[in-house]
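Examination of the molecular architecture
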Amino acid sequence: MSEQIIDIIHKEYERDLKLEECASRMHYNVFYLSSVFKKETNMSFSEYLADYRFQISKKWLVETNLPIKDIAEKLTYTNAQNYIRFFRKLEGMTPGQYRTQFSAQNK
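Notes on the structure follow.

Thresholds, definitions, all that
Residues numbered from 1 in each chain as written. Predicted model: local features only at pLDDT ≥ 70, side-chain atom pairs only at ≥ 80, totals over all residues. Heavy atoms only, no water. Helix = DSSP H or I, 4+ residues; strand = E, 2+ residues; numbered from the N terminus. Buried < 20%, exposed > 50% of the residue type's maximum accessible area, 1.4 Å probe, protein only. Contact = heavy atoms within 4.5 Å. Areas by Shrake-Rupley, 256 points an atom, 1.4 Å probe, with all protein chains shown as cover. Lys, Arg positive; Asp, Glu negative; His and termini not counted. Charge placed at Lys NZ, Arg CZ, Asp CG, Glu CD.

1. Some points on the overall build of the protein chain
Of the regular secondary structure elements, the protein chain holds 7 helices and 0 strands. Reading the secondary structure of the protein chain in the N-to-C direction produces α-α-α-α-α-α-α. For the protein chain, the spread of C-alpha atoms along the three principal axes comes to 45 × 25 × 20 Å. Counting every position in the protein chain, which comprises 107 residues, the buried fraction comes to 36%. Put simply, of all contacts in the protein chain between residues at least 6 apart along the chain, 52% involve residues at least 24 apart. Summing over all exposed atoms, the protein chain offers an accessible surface of approximately 6800 Å²; the carbon and sulfur share of this is 50%. Between the averaged position of the 16 positive side-chain charges in the protein chain and that of its 14 negative side-chain charges there is a distance of 6 Å.

What follows is the structure in structure tokens.
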């Protein structure tokens, strides 16, 4: 079950994805699916989705020239400032600083 949810997340992370929708598609109760996912991955659905989007954003920062506001938008953040705050909290630097540091290392 968790593998199916992870597959959905990996394919549809750029849209507003909810566990309720996954549960409906898979014909399971949302509370049951939530508990199974947490047990199998040690993360909630929303934690996994946020982490996956974060990893994708780091990849885009290094491998593309997409503006930070576009990355935030593509990953369904309500605005770029929320994305920048979230990024800084997890990474200890802004997305712009991350891009500068890691793009330079890859050249």
